[in-house]
Amino acid sequence: MVSGNLFHFRKNSWPPEEYITRTTLQLFDFESAAPPEQALRRKLNSHASILKEFSITFTEAIKMVRLGIRLWHYIREEASQGRKAPIDPFTRESCKPSATQGVPLGGMGSGSISRGFRGEFRHFQILPGTCETSPVMANQFSIFISRDGGNKKYASVLAPGQHEGLGKSTDHGISSWGWNLNGQHSTYHALFPRAWTIYDGEPDPELKISCRQISPFIPNNYRESSLPTAVFVYTLVNTGKERAKVSLLFTWANSIGGISHLSGNHVNEPFIGEDGVSGVLLHHKTAKNNPPVTYAIAACETQNVSVSVLPCFGLNEGSGVTAKNMWATMVQDGQFDRENYNKGPSMPSSPGETHCAAVSATAWVEPHGKCTVAFSVAWSSPKIKFCKGKSYNRRYTKYYGTSKMAAKDLVHDSLTNYMLWEEEIEKWQNPVLRDDGLPEWYKFTLFNELYFLVAGGTVWIDSDSPAENSSGIKSIIADSTKSNKTEASVVHRTALNGSDTSADDPSRSASEEEGEESDTFENCAVNSNSAGPTNNDDHDDVGRFLYLEGVEYIMWCTYDVHFYASFALLELFPQIELSIQRDFARAVLSEDTRKVKFLAEGNSGIRKVKGAVPHDLGMHDPWHEMNAYNIHDTSRWKDLNPKFVLQVYRDFAATGNLSFAAQVYPAVCAAIDYMDQFDRDNDGLIENDGFPDQTYDTWTVHGVSAYCGSLWLAALQAAAAMALQLGDQSFADKCTHKFVKGKAVFEEKLWNGEYFNYDSGSSGNSKSIQADQLAGQWYTAASGLPDLFSGEKISSALQKIYDFNVMKVRGGRMGAVNGMHPNGKVDETCMQSREIWTGVTYGAAATMIHAGMKEQAFATAEGIFTAGWSEEGFGYAFQTPEGWTMDGHFRSLIYMRPLSIWGMQWALSTSKTILKPPQIHLMDRTPHVVNSSHNEAGVKKIATKAKCFGNAVFHCSC
């Protein structure tokens, strides 16, 4: 896949004229039919190589042998219970990953389907946590063209025939179709959430075709963005002298990926809807008692476009109508019998039999004329069911209900509203696309990295939906006894008033305290009979949102990684970001005392420790059984709690949402206090414990570390600022005192005159240059807080990272390697120290932007584009991995962390912070308000409101 010039040649732009003739572009210059100037581009006949996965070295294997044995036994144990382990390096997909991915279909949280750049539908994630990677080759668009009274005909699937799914024993029919497209004159253009495929004279030299794929991903639109649907708009331009009859065909298998189509009892049903929308419903009965799924495929009939359907055809020779019969009918007639609409539901499929459906749209295109034909696909799976029994209604059911017929309404609305979607998408994207100060590659990579919010295994539930617990499993997040409720109430009062009022007023009853507690977080210590997560702010009710760490690491909302990815949600869907933070705030104040064996060390501990931020929200029973990750005991990790405090403050500063701040503030205090145990010498600074106790979970840390230490200092400063804005002077003083002491120790132990050492230990890599050493400074700058260190130190450290971690790795064409020795050799202490992490590279670039080093920032991030996204790269477009080695071998495709490119956009924008925090002067032990009218007004407003809260803090209406 990688050409010889990858590391020697860099293009500044990818103009469409290099892929499509200027004449063809001009023909499509109306109604968004032409691809934008800024887009990722590929020819359909491009080679899609098999991707190469990383492998560990012999030395690394020896170090990890005990972990590997324990992990293998754990995976087998989970499988015996009918469950998947969150991490399984021993099982490989039968379909090897290749450089074929494109823009996925649909909105967020209702299941997703990816579509490769050559047109194949693959990576079905309809069921939560399950990804069926193989393409379903019966799902295709095809075209049939007749000219000159039928003497000149063309028939072809609109995808090149060189697919891995063709010519195999499982074809049973579709090999008889016309796989005639070469793809040499056809190109794919991607700018998420849209994609364009231009067929420049293929298969008919005198017909130009544009297929525009549109999904409802619209920032700040929490309704449309939840819809499981997509639209395909075909624009046909006849450049010939003859009138052309053109029929477009959309075929779809009754399948949710893999071999699900063979399980039997699937039914297809034709329908005629309103406004000319007609098609077929495909009712899929899922296996293993999973909730059913209904697809709808449809086209819109207009004055010039007629729509016909074939409700059911099969891929086996014994089918009533075979794929071969269907194709022959289209070649002969270009349409199906109108009587098919009256056939009603088909007979259920038998096990081993495949039911497919087809929708045809036929139009006459006059010489030098134009015509538009629109198709849509939607999938309705109203309930999601997690492995341990709980079920929830998906977010879109708030608007479409839970009927299986909702798919019919979804395709209707998508076909009648897609132009409005496009208006909103263009209004959102145009300011970035028209910014001449931004590199071309950055513009489209910024938007295309958002693919993960659709294809990354997202779940979005309606907070009002019933949560069923069919298995009777208890949710043991916390002990909901009276004493815990009283303690939670005390935490709130202490945090907001600086003292424990219950101690001053012993006459206060337990019932009063319980009432106050319910006013705050509706049982921060979640009741064991709880039906599920709830939302207290009806005006901000956006339901509950989950997204996977990656399709290979199946854990919901992995928090150490969300730290990087969350900028995208905060920028585009801030209410979802606040909802996730509320979930973690609840989790901080909860515990789960069930025993868990940790696989790296072989020791045991409890699943969730009170005061510790969980690694994730779980896997098989999210929100109720957290910490699916069990490699290490994450209650001893040093980055999770500081990351929680930093994200909460950043979100508070960005949104100005005082109710949110007051809700999560007790958890902020608890998270800070929990970390006291790791400051063993009382110098204000936490120490790492000689094992990988942070997000780099194979990279051991000794003593004070640049990564965790900078996060801790930043968290102390953020917590102090938040405390002041909520009127808690006592806690602000406590955090400030720790910050002043800890900062001096941090610089004394780690600053070497050029950068901060990896850690304060004496190991062979203690003086390594870590790309992520200023993670705390990144968030400090992003939140509008004063810098942690002097400008000279920040600039020096970032320049060192750029000169060594970036530029000494293939000339800066690959991103920033995690660890680099000061002698210019890559730190090969472990697999993670020698990897280039995509999300960390974007994060380092964002930090550079905040520090005024834009040139270095874009050069750093461009390495990720060049190696990962460009046509000359390794083929990771729309499946950006966690990281890769210097030879381009990936680890963990389709990963959450690369969303941190939105941290760059956050840094590039003018001030994102609504609140201007009080600054902490390093020479003082007590914080004070900055003497400026802007800051003073902002802080005064917050402080005044905080005083009104009293004990019923969350119901203040002033």
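All chains use their own residue numbering, which begins from 1 and follows the written sequence. Local features in this predicted model are restricted to residues of pLDDT 70 or higher, and side-chain atom pairs are both shown and tallied only at a pLDDT of 80 or more, whereas totals for entire chains, interfaces and linings draw on every residue. Values reported for side chains reflect all heavy atoms of the structure, with hydrogen atoms and water molecules removed beforehand.

K.L.:
Account for the overall build of the protein, with residues named and values stated.
P.N.:
What the protein contains, in helices and strands, is 23 helices and 30 strands. Put simply, the protein has 958 residues, and 63% of those count as buried. Residues are treated as being in contact if the distance between any of their heavy atoms lies within 4.5 Å. Of the contacts formed within the protein by residues at least 6 apart in sequence, a portion of 71% connects residues at least 24 apart. Per-residue and other accessible areas follow the Shrake-Rupley method at a 1.4 Å probe size, with only the shown protein chains counted as cover for residues. Surface summary for the protein: the accessible area is close to 32500 Å², and the carbon and sulfur share equals 49%. By the criteria applied, helices consist of DSSP H or I runs no shorter than four residues and strands consist of E runs no shorter than two, each listed in order from the N terminus. Throughout, exposure labels follow a simple rule: accessible area from a 1.4 Å probe, protein chains only, divided by the maximum for the residue type, with under 20% read as buried, over 50% as exposed, and the rest as partly exposed.

K.L.:
Can you explain the sheet that holds strand β5 (residues 152-157)? Please cite residues and give values.
P.N.:
A pair of strands is treated as paired once DSSP finds two or more bridges between them. One open sheet accounts for five strands, arranged β5-β4-β10-β15-β14; its pairing is antiparallel. This sheet does not close on itself; its edge strands, each paired only once, are β5 and β14 (305-314). Recorded for the sheet is a direction-independent mean angle of 15° between the axes of neighbouring strands. Inspection of the sheet shows strand β4 (residues 140-147) paired to β5 by six bridges, in the antiparallel sense. For Ser 146, the partnering residue across the bridge sits in β5 and is Lys 153. Fitting a line to C-alpha atoms yields each axis, with helices limited to the stretch in contact; the angle taken between N-to-C directions then spans 0 to 180 degrees. Where helix α4 (residues 323-333) meets the sheet, its contacts fall on β4, β5, β10 (244-253), β14 and β15 (355-365), and the angle it forms with β5 comes to roughly 145°.

K.L.:
Can you explain the nonpolar core? Please cite residues and give values.
P.N.:
For the purposes of this section, nonpolar cores are sets of buried Ala, Val, Leu, Ile, Met, Phe, Trp, Tyr and Cys residues that join through side-chain atoms within 4.5 Å. Among the nonpolar cores identified, the biggest contains 297 residues, and Phe 375, Leu 450, Tyr 547 and Phe 644 are the most heavily contacted of them. In terms of residue count, helix α16 (residues 706-725) provides more of this core than any other element does, 16 residues in total. Sequence-distant contacts of Leu 450, defined by excluding residues within four places in its chain, comprise Phe 192, Phe 217, Trp 428, Ala 568, Leu 572, Leu 899 and Trp 902.

K.L.:
Residue-level account of the sheet that holds strand β29 (residues 883-884), with values.
P.N.:
Strand order in the open sheet made by the three strands is β28-β29-β30, with antiparallel pairing throughout. Both outer strands of the open sheet, β28 (836-837) and β30 (890-891), are each paired with one neighbouring strand and no more. In this sheet, β30 lies alongside β29 in antiparallel orientation, the contact comprising two bridges. Bridged to Gly 883 within β30 is Arg 891.

K.L.:
Now, about helix α14 (residues 640-655): what can you tell me, with residues and values included?
P.N.:
Given the number of residues in a helix, its expected span is that number minus one, multiplied by 1.5 Å. Its 16 residues place the ends of α14 22 Å apart at the C-alpha level, agreeing with the 22 Å of an ideal helix rising 1.5 Å per residue. Of all the 16 residues making up α14, 15 are buried; the element is thus mostly covered by neighbouring parts of the structure. Two residues or fewer after α14 comes Gly 656, characterised by a positive phi angle close to 65°.

K.L.:
Let's hear about the side chain of Ser 278: which residues, and what values?
P.N.:
Position of Ser 278 among the secondary structure elements: in strand β12 (residues 277-284). When residues no more than four places from it in sequence are discounted, the contact partners of Ser 278 are Phe 271, Ile 272, Gly 273, Ile 297, Ala 298, Ala 299, Val 307, Tyr 341 and Val 359.

K.L.:
Explain unusual backbone geometry to me, using residue names and the numbers behind them.
P.N.:
Omega for the peptide link from Phe 192 to Pro 193 comes to 10°, which places this bond in the cis form. Tracing the chain through its elements places Pro 193 in the loop between β6 (186-191) and β7 (194-200). Residue Glu 202 is joined to Pro 203 through a cis peptide bond whose omega torsion reads 0°. Tracing the sequence through the fold places Pro 203 in the loop between β7 and β8 (207-214).

K.L.:
Can you lay out the packing of aromatic side chains for me, pointing to particular residues and giving the numbers?
P.N.:
Between rings of Phe, Tyr and Trp, where Trp is taken as its six-membered ring, a pair exists when centres lie within 6.5 Å; planes separated by under 30 degrees are stacked, by over 60 edge-to-face, and by other angles tilted. With the rule as written, the count across this model stands at 64 aromatic pairs. Ring plane angle 90° and centroid distance 6.2 Å describe the contact between Tyr 553 and Tyr 895, whose orientation is recorded as edge-to-face. Of this pair, Tyr 553 sits in the loop between β21 (544-546) and α12 (559-572) while Tyr 895 sits in the loop between β30 and α22 (901-908); the two residues are 342 residues apart in sequence, bridging distant segments of the chain. Residues Tyr 553 and Tyr 895 agree in their burial class; the two are buried. Ring centres of Tyr 876 and Trp 884 lie 5.5 Å apart, and the angle between their planes is 15°; on these two criteria the pair is classed as stacked. There is no split in this pair, since Tyr 876 and Trp 884 are both buried.

K.L.:
Break down the side chain of Ser 380 for me, with residues and values.
P.N.:
Among the structural elements, Ser 380 can be located in strand β16 (residues 370-380). Under the relative-accessibility criterion, Ser 380 is labelled buried at 1%. As used in this structure description, the phrase polar contact means that two N or O atoms lie within 3.5 Å; if the pair is within protein, one of them must be able to donate a hydrogen and the other to accept it, and residues adjacent in sequence are counted only when both atoms belong to side chains. Reaching out from Ser 380, the side chain makes a polar contact with the side chain of Tyr 396 at a distance of 2.9 Å. With residues up to four places along the chain from it excluded, the contact list for Ser 380 reads Pro 292, Val 293, Thr 294, Tyr 396, Ser 403, Ala 406 and Ala 407.

K.L.:
I'd like to hear about the pairing of strand β13 (residues 293-300), residue by residue, with values.
P.N.:
Taking burial as the measure, the eight residues of β13 include eight buried ones, the bulk of the element. By the alternation rule, side chains of β13 split into Val 293, Tyr 295, Ile 297 and Ala 299 and Thr 294, Ala 296, Ala 298 and Cys 300, which are all buried. Bridge count between β12 and β13: eight bridges; the pairing is antiparallel. Residue pairing in the sheet places Leu 282 in a bridge with Tyr 295 of β13.

K.L.:
Just give me the short version of the environment of Met 405, but keep the residues and values in it.
P.N.:
The residue Met 405 is located in the loop between α5 (397-400) and α6 (406-433) in this model. Each C-alpha atom of the pair Met 405 and Thr 294 lies 7.7 Å from the other, and the pair is 111 residues apart in sequence. Every residue in contact with Met 405, bar those within four places of it in the chain, is listed here: Leu 281 and His 283.

K.L.:
Explain the pattern of salt bridges to me, using residue names and the numbers behind them.
P.N.:
Just to be clear on terms, a salt bridge is a Lys or Arg side-chain nitrogen sitting within 4 Å of an Asp or Glu carboxyl oxygen. For the coordinates displayed, the defined rule picks out 35 salt bridges. The closest approach of N and O atoms between Glu 120 and Arg 122, which form a salt bridge, is 2.9 Å. You can call Glu 120 buried: its relative accessible area is 1%. Take Arg 122: its relative accessible area is 3%, and that puts it in the buried class. Residues participating in the shared-partner salt-bridge network are Arg 636, Lys 638, Arg 680, Asp 689 and Asp 693.

K.L.:
Could you give an account of the environment of Phe 644, naming the residues involved and the relevant values?
P.N.:
Examined against the element boundaries, Phe 644 turns out to sit in helix α14. Between the alpha carbons of Phe 644 and Ala 667 there is a distance of 9.1 Å; along the sequence they are 23 residues apart. Those residues in contact with Phe 644 that sit more than four places away from it in its chain are Tyr 559, Gln 581, Phe 584, Ala 585, Val 588, Val 613, Ala 667, Val 668 and Ala 671.

K.L.:
I'd like a description of the packing of α12 against α22, backed by residues and values.
P.N.:
Between two packed helices, the angle of one axis relative to the other and the distance separating the axes together describe the packing. Relative to each other, α12 and α22 sit at 55°, their axes nearing to 6 Å. It follows from the interaxial angle that α12 and α22 lie oblique. Viewed along their axes, α12 and α22 form a crossing whose handedness is left-handed. Residues Phe 567, Ala 568, Leu 570, Glu 571 and Leu 572 of α12 form the contact with α22, whose own contacting residues are Trp 902, Gly 903 and Trp 906. For this classification, under 35 degrees means roughly parallel, over 145 means roughly antiparallel, 65 to 115 means roughly perpendicular, and everything else is oblique. Handedness of each helix crossing follows the sense of rotation of the near helix against the far helix: counterclockwise by less than a right angle gives left-handed, clockwise gives right-handed.

K.L.:
I'd love a proper account of the packing of helix α15 (residues 658-674) against α16, names of residues and values included.
P.N.:
For the pair α15 and α16, interaxial distance at closest approach is 11 Å and the crossing angle is 140°. On the basis of the axis angle, α15 is oblique to α16. Here α15 and α16 pass one another in a crossing that is left-handed. Within the contact between the two elements, α15 uses Ala 661, Val 664, Tyr 665, Val 668 and Ile 672 and α16 uses Trp 712, Ala 715, Leu 716, Ala 719, Met 722 and Ala 723.

K.L.:
Which residues make up the pairing of strand β3 (residues 121-125), and what are the values?
P.N.:
Regular strands show a simple pattern: their side chains alternate between the two faces of the sheet. Counting buried positions along β3 yields five of five residues, so the element is predominantly enclosed. The pairing of strand β2 (residues 112-115) with β3 spans three bridges and is antiparallel. The residue of β3 that forms the bridge with Ser 114 is Arg 122. Here β2 hands over to β3 after five residues, with Gly 119 in that stretch at a positive phi of 110°.

K.L.:
Would you mind going over the environment of Ser 892 in detail, with residue names and values included?
P.N.:
Its place among the elements puts Ser 892 in the loop between β30 and α22. Its relative accessible area of 1% is what places Ser 892 among the buried residues. Ser 892 sits 12 residues away from Thr 880 along the chain, and the two C-alpha atoms are 8.5 Å apart. Those residues in contact with Ser 892 that lie beyond four places of it in its chain are Glu 552, Tyr 553, Thr 880, Pro 881 and Glu 882.

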